[in-house]
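Chain by chain, the residues:
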Amino acid sequence: MLKSRRIVPSLLRLSTLLPSCNRSLCVKLSVVQALSAKASDKDVKLQGWIRSVRSQKEVLFLDVNDGSSLDNLQVVADPNLGPKNLTYGCAVEVRGKLMKSTYAKQNIELHAEDIKVVGPCDPVDNNFVHIHTPIITSNDCEGAGELFKVEPANKERCEQKETNHFFNIPAFLTVSGQLHLEVMTGAFTKVFTFGPTFRAENSQSRRHLAEFYMVEAEIAFTDGLEDIMQVMEDLFKAATSCLLMKCPKDIELFHKYIAPGQKDRLDLMLKKPFVVLSYNEAINILKKDAHKFEFKPEWGHDLQTEHEKYLVQHCGNVPVFVVNYPYDLKPFYARDNDDGPQRTAAAVDLLVPGIGELFGGSLREERLHLLQSRLEMLGLKETYQWYLDLRRFGSVPHGGFGMGFERYLQCILGVENIKDVIPFPRFTHSCNL
Ligand code: 4AD
Ligand code: MG
């Protein structure tokens, strides 16, 4: 009792110096207030939501934001202080002292003495329903013709006399589960799939496989591309924070022996908000340094890996969303932006350091007449009657994305060649075992 009488007056005095105070024993600060405060040995309390969790052997870093500032406040703690359910997105109350930061880009950080999870956030379930999309399909979702055909090996025995096809129509290994997810959003609103994907791309590059895994999500009732980009950024940050928490030793091993410096690069990606550039802006940036590239940047041409890597570097090695690509570069399902006749589409790629494209996504054309005329132009109207039916009956604005899982592993582990993050890589001229 006596003790608290002595503490309370001193806290009240402190409250006149610091911007806000509650009646408990700590001065409560918002993130913006904490960022502009001076280091002090007084106890302060901060409440907000976790934007990243980085757990190292001897120290735990959290980035906390409460909406009062675009910048996060870094919280530094002993790893044993962090409760088990400390995940990306959860609401926390942190008590501790503001100290001068040793990190050049910020003045102040909060050294935690107590961390409470006020509102837990289960990082694996944001109400997305898991759908098992088929591996064998009759669609070419990307319209690029990079398909593996599926036929019985013993055609003599299986051939159907009337049609010449096992399934009556030609069938292929899937290049994307997107079109099936679009069907399922009609029942569940938010859906995802995670499965094997196949591309007959004649590429020996460090980021292409013939068989890879893709995480795909599809969301109905979208307000714009930003809705999709928010889920992309959250997925990247939540999955990475979760991995750093749950298997720090495995990741440290790669960072130590394969990619020194990768830990800092990854921390930066988790800490900073991702950058957004329009395709037009991207082309202008590239043109200023056109002499540096083998492929000259030109409006209307796809971005090459060298361009993508340059853009990420140009933006400070933070992941970059490039939005609104030329309409003709994107598949038939991408939504027309209405900025002139078929000029740009509401499509987005997320580019990451060292790799380039990690996610590809778009809003989908939900307007029947526009989708119909595009499919007609491509000679696909008959094949896609079922897809047009989705627009005839209860069509809603929707969109989604796909993230290549092996490219994601490359990105967080710092592995240069995609063939080194998968035990049995399949690529042109190689299908061992
Ligand atoms: O950009 P892509 O082709 O997009 C789609 O397939 C969309 N239908 C996804 C959707 O909106 N649901 O592929 C998505 C991601 C790429 O950004 C890349 O990370 C990965 O899949 N990817 C590959 N990864 C390894 N090897 C390949 N050959 C890949 N092709 C694409
Ligand atoms: Mg793509």
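Structure's up top.
Positions within a chain are numbered from 1, following the residues in the order the chain's sequence is written. All chains are assigned letters beginning at A, and all ligands numbers beginning at 1, according to the order in which they are written. Reporting of local features is limited, given that this is a predicted model, to residues whose pLDDT is at least 70; pairs of side-chain atoms are given and counted only at 80 or more, and all residues count toward the totals for whole chains, interfaces and linings. Neither water nor hydrogens contribute to the side-chain values; these are computed over all heavy atoms in the structure.

By the criteria applied, helices consist of DSSP H or I runs no shorter than four residues and strands consist of E runs no shorter than two, each listed in order from the N terminus. In terms of regular secondary structure, the chain is built from 12 helices and 16 strands. Summarising its shape, the C-alpha atoms of the chain cover approximately 95 × 50 × 50 Å along the three principal directions. Burial status follows relative accessibility: with a 1.4 Å probe on protein chains alone, a residue under 20% of its type maximum counts as buried, one over 50% as exposed, and anything between as partly exposed. Counting the 433 residues in the chain, one finds 47% classified as buried. Only heavy atoms enter the contact rule, under which two residues are in contact if any of them lie within 4.5 Å. Summarising the internal contacts of the chain: among those between residues at least 6 apart in sequence, 64% fall at separations of at least 24. Calculation of accessible area relied on Shrake-Rupley with a 1.4 Å probe; when residues are assessed, cover is drawn exclusively from the protein chains displayed. As displayed, the chain offers around 22500 Å² of accessible surface, 54% of which is attributable to carbon and sulfur atoms. Only four residue types enter the tally: Lys and Arg on the positive side, Asp and Glu on the negative side, with His and both chain ends excluded. Charge coordinates come from a single atom per side chain, which is NZ of Lys, CZ of Arg, CG of Asp or CD of Glu. Of note, the chain has its 51 positive side-chain charges centred 9 Å away from the centre of its 55 negative side-chain charges.

Now for the side chain of Arg54. With respect to the element layout, Arg54 can be found in strand S2 (residues 43–55). Nitrogen and oxygen atoms within 3.5 Å of one another constitute a polar contact, given that in protein one can donate a hydrogen and the other can accept it, and given that sequence-neighbouring residues count only through two side-chain atoms. At a separation of 2.8 Å, a polar atom in the side chain of Arg54 contacts the side chain of Asp63. For Arg54, the contacting residues outside a window of four places in its chain are Val59, Leu60, Phe61, Leu62, Asp63, Gln74, Leu244, Lys263, Asp267, Leu270 and Lys271.

This paragraph deals with the packing of helix H5 (residues 225–246) against helix H7 (residues 262–271). Where H5 meets H7, the closest approach of the two axes is 10 Å, and the angle between their N-to-C directions is 135°. One finds that H5 runs oblique with respect to H7. Where H5 crosses over H7, the handedness of that crossing is left-handed. Here H5 contributes Phe236, Lys237, Thr240, Ser241 and Leu244 to the contact with H7, which in turn contributes Lys263, Leu266, Met269 and Leu270. Side-chain classes follow a simple rule in which Ala, Val, Leu, Ile, Met, Phe, Trp, Tyr, Cys and Pro form the nonpolar group, Asp, Glu, Lys and Arg form the charged group, and the remainder, Gly included, forms the polar group. Here the contact of H5 with H7 is built from residues that sort into five nonpolar, two polar and two charged. Only C-alpha atoms enter the line fits that serve as axes; for helices the fit covers just the stretch in contact. Angles between N-to-C directions range over 0 to 180 degrees. Angular relationships are summarised with four words: roughly parallel below 35 degrees, roughly antiparallel beyond 145, roughly perpendicular across 65 to 115, and oblique for the angles in between. When the near helix sits turned anticlockwise from the far one by under a right angle, the crossing is termed left-handed; a clockwise turn instead gives a right-handed crossing.

In this text, near means that some heavy atom of the residue lies within 4 Å of the molecule or strand in question. By nearness alone, 24 residues border ligand 1, and Glu142, Gln178, Glu201, Glu216 and Glu357 come closest of all. The separation between an oxygen atom of ligand 1 and a polar side-chain atom of Arg199 is 2.9 Å. Note that an oxygen atom of ligand 1 is positioned 2.9 Å from one of the side-chain N or O atoms of Arg364. If ligand 1 stood free it would expose 630 Å²; the protein chains cover 94% of that surface. For the shell around ligand 1, the elements supplying multiple residues, two or more each, are strand S11 (211–220), strand S15 (356–363) and strand S16 (398–404). Looking at the shell around ligand 1 residue by residue, the class counts come to nine nonpolar, seven polar and eight charged.

Along helix H9 (residues 305–314), the residues that are buried comprise His307, Glu308, Tyr310, Leu311 and Val312. Those residues of H9 that are buried lie in contact with strand S12 (275–278), helix H8 (279–288), strand S13 (320–326), strand S14 (344–352) and S15. Just beyond H9, the residue with positive phi is Gly316, at close to 85°.

The next subject is the sheet that holds strand S10 (residues 190–198). When DSSP finds two or more bridges between two strands, those strands count as paired. The sheet built from eight strands is open, its strands ordered S7-S10-S11-S16-S15-S14-S13-S12 with mixed pairing. Unpaired on one side and paired on the other, strand S7 (129–130) and S12 mark the two borders of the sheet. Direction of pairing for S12 relative to S13: parallel, over a ladder of four bridges. Counterpart to Leu277 in the pairing with S13 is Val322. In this fold H5 packs onto S11, S12, S13, S14, S15 and S16, with an angle of close to 145° to the strand it touches most, S15. On the sheet, helix H12 (residues 405–413) packs against S10, S11, S14, S15 and S16 and is oriented at approximately 60° with respect to S16.

In terms of burial, strand S3 (residues 60–65) is largely enclosed, as six of its six residues are buried. Residues Leu60, Leu62 and Val64 point to one face of S3 and Phe61, Asp63 and Asn65 to the other, with burial holding for every one of them. Here S2 pairs with S3 via six bridges, running antiparallel. Considered in S3, the bridge of Ser52 is made with Asp63. Between S2 and S3, which pair antiparallel in sequence order, lie four residues. When S3 meets strand S4 (residues 73–77), the two strands line up antiparallel, connected through five bridges. Of the residues in S4, the one forming a bridge with Leu60 is Ala77.

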